[in-house]
Amino acid sequence: MRTFLRFMIGEGVCAPSLLLAVPSGVRRRLSTVPKTIPASTIEEIVASCSTGTAVEVRDRAIILLLARMALRAGDIWQLHLRDIDWRASRLRLHGKSRRGVFMPLPQDVGDALLAYIEDARPVVASDRVFLRVQAPFTPFRSSAEIAGIVSRVLSRGGFVGLPTGAHVFRHSLASTWLRGGAELDQIGAALRHASRDTTAIYAKVDVDMLGAVAQPWPGYVA
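K.L.:
A description of the environment of valine 46 should follow, citing residues and the corresponding values.
P.N.:
One can find valine 46 in helix 2 (residues 39-48). Residue valine 46 is classed as buried on the basis of its relative accessible area, which comes to 7%. C-alpha separation for the pair valine 46 and valine 33, spaced 13 residues apart in sequence, amounts to 24 Å.

K.L.:
A description of a nonpolar patch on the surface should follow, citing residues and the corresponding values.
P.N.:
Residues Met1, Phe4 and Phe7 make up a contiguous nonpolar surface patch of about 370 Å² in total accessible area. Among the structural elements, methionine 1 can be located in the segment before helix 1 (2-10). On the accessibility criterion, methionine 1 (62% relative accessible area) is exposed.

K.L.:
Tell me about the nonpolar core, and please be specific about residues and values.
P.N.:
Counting 41 residues, the largest nonpolar core has Leu65, Leu91, Phe130 and Phe169 as the members making the most contacts within it. Looking at this core, the elements with two or more residues in it are helix 2, helix 3 (54-69), helix 4 (73-77), strand 2 (90-93), helix 5 (107-120), helix 6 (144-156) and helix 7 (167-179). Top contributing element to this core by residue count: helix 3, with nine residues. Setting aside its immediate chain neighbours within four residues, leucine 65 contacts Ala70, Leu71, Ile76, Leu79, Leu91, Val109, Leu113 and Phe130. Counting nine residues, the second largest nonpolar core, distinct from the first, contains Leu173, Ala174, Ile201 and Tyr202.

K.L.:
So what about unusual backbone geometry? Which residues, and what values?
P.N.:
Cis geometry marks the peptide bond from alanine 135 to proline 136; its omega dihedral reads 10°. In this structure, proline 136 sits in the loop between helix 5 and helix 6. Residues other than glycine seldom take positive phi values, yet alanine 70 does so here, at roughly 55°. Summarising the element assignment, alanine 70 is placed in the loop between helix 3 and helix 4. The exposure class of alanine 70 is buried, given its relative accessible area of 0%.

K.L.:
Report on helix 3, specifying residues and quantitative values.
P.N.:
Note on helix geometry: an α-helix contains 3.6 residues per turn, so any two residues three or four positions apart are oriented the same way. Across its 16 residues, helix 3 extends 22 Å between first and last C-alpha, which sits within 8% of the 22 Å expected from 1.5 Å per residue. Across the 16 residues that make up helix 3, a large majority, twelve, are buried. Among the residues of helix 3, Glu56, Val57, Arg58, Asp59, Ala61, Ile62, Ile63, Leu64, Leu65, Leu66, Ala67 and Met69 are the ones counted as buried. Trailing helix 3 by a residue or two, alanine 70 shows a phi angle of about 55°, which is positive.

K.L.:
Lay out the sheet that holds strand 1 (residues 84-85) with the relevant residues and their values.
P.N.:
Ordered by their spatial adjacency, three strands build an open sheet running 1-2-3, and the pairing between neighbours is antiparallel. Taken across any chain shown, the strands that pair with only one partner, and hence form the sheet edges, are strand 1 and strand 3 (101-104). For strand 2 and strand 3, the ladder comprises four bridges, and the chain directions are antiparallel. For arginine 92, the partnering residue across the bridge sits in strand 3 and is phenylalanine 102.

K.L.:
Help me get a handle on the packing of aromatic side chains, residues and values and all.
P.N.:
Tallying each qualifying case throughout the model produces one aromatic pair. Between tyrosine 116 and phenylalanine 130 the ring centres are 5.2 Å apart and the planes differ by 20°, which places this aromatic pair in the stacked class. With tyrosine 116 in helix 5 and phenylalanine 130 in the loop between helix 5 and helix 6, this residue pair connects regions lying 14 residues apart in the sequence. Both residues of the pair, tyrosine 116 and phenylalanine 130, count as buried. A cation over a ring is seen here: arginine 90 above phenylalanine 102, with NZ or CZ 3.8 Å from the ring centre. Taking the ring centre of tryptophan 77 as reference, the NZ or CZ of arginine 128 above it sits at 5.1 Å.

What counts, and at which threshold
Residues numbered from 1 in each chain as written. Predicted model: local features only at pLDDT ≥ 70, side-chain atom pairs only at ≥ 80, totals over all residues. Heavy atoms only, no water. Helix = DSSP H or I, 4+ residues; strand = E, 2+ residues; numbered from the N terminus. Buried < 20%, exposed > 50% of the residue type's maximum accessible area, 1.4 Å probe, protein only. Patch = residues over 30% accessible without salt bridge, like charges linked within 9 Å, V, L, I, M, F, W, Y side chains within 5 Å. Areas by Shrake-Rupley, 256 points an atom, 1.4 Å probe, with all protein chains shown as cover. Salt bridge = Lys/Arg side-chain N within 4 Å of Asp/Glu carboxyl O. Core = buried A, V, L, I, M, F, W, Y, C linked by side-chain atoms within 4.5 Å. Contact = heavy atoms within 4.5 Å. Expected span 1.5 Å × (residues − 1). Pairing = 2+ DSSP bridges. Phe/Tyr/Trp six-rings, centres within 6.5 Å; stacked < 30°, edge-to-face > 60°. Lys NZ or Arg CZ within 6 Å of the ring centre and 35° of its normal.

By themselves, these figures tell us nothing about what the structure is for.
Below, the structure is given as structure tokens:
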């Protein structure tokens, strides 16, 4: 942008002072905009998850964990049966730290988890919640397999042109919370962010809120 403005100044198209409107040395940290899916489309994805087979029951539980609780793929990958507190309706998550954090378990997520564990999960010695559906029924090798499940669910539901990956549900839910009036500190607590700067990236997706504080471009004539 600064190079373009210098060219325009050299051509005499704009005032030299306009170059000062674009600062130099802009930090690139958190410069990207989170990819999101509209809340209505998220509900369509959840509704598209059938339960006719064991793999569909498992995948629906995973999608609900992502869509309702904004979990990371790693949270789901590391989830153990002992981490589910059925009486208190909560999950213990380990995430990026070794200290467990408890989060409330929504009703529909709990129902989906229970249906998977009781009706579709193979009976094996492993304590991991989510397993492969083919013998020897081992746990997922890494959290990357969660992203693969998301891609297959979108493909089975006929969804095209949407951002892929497990993190898009996390971004989408955080953006919905922000548009609904939630404070960044509340969102950061729900997402278990260690720094407020990490949560601040979601302010970029609220165009209406940004429009309220946007300043007119210097030299612009209405």
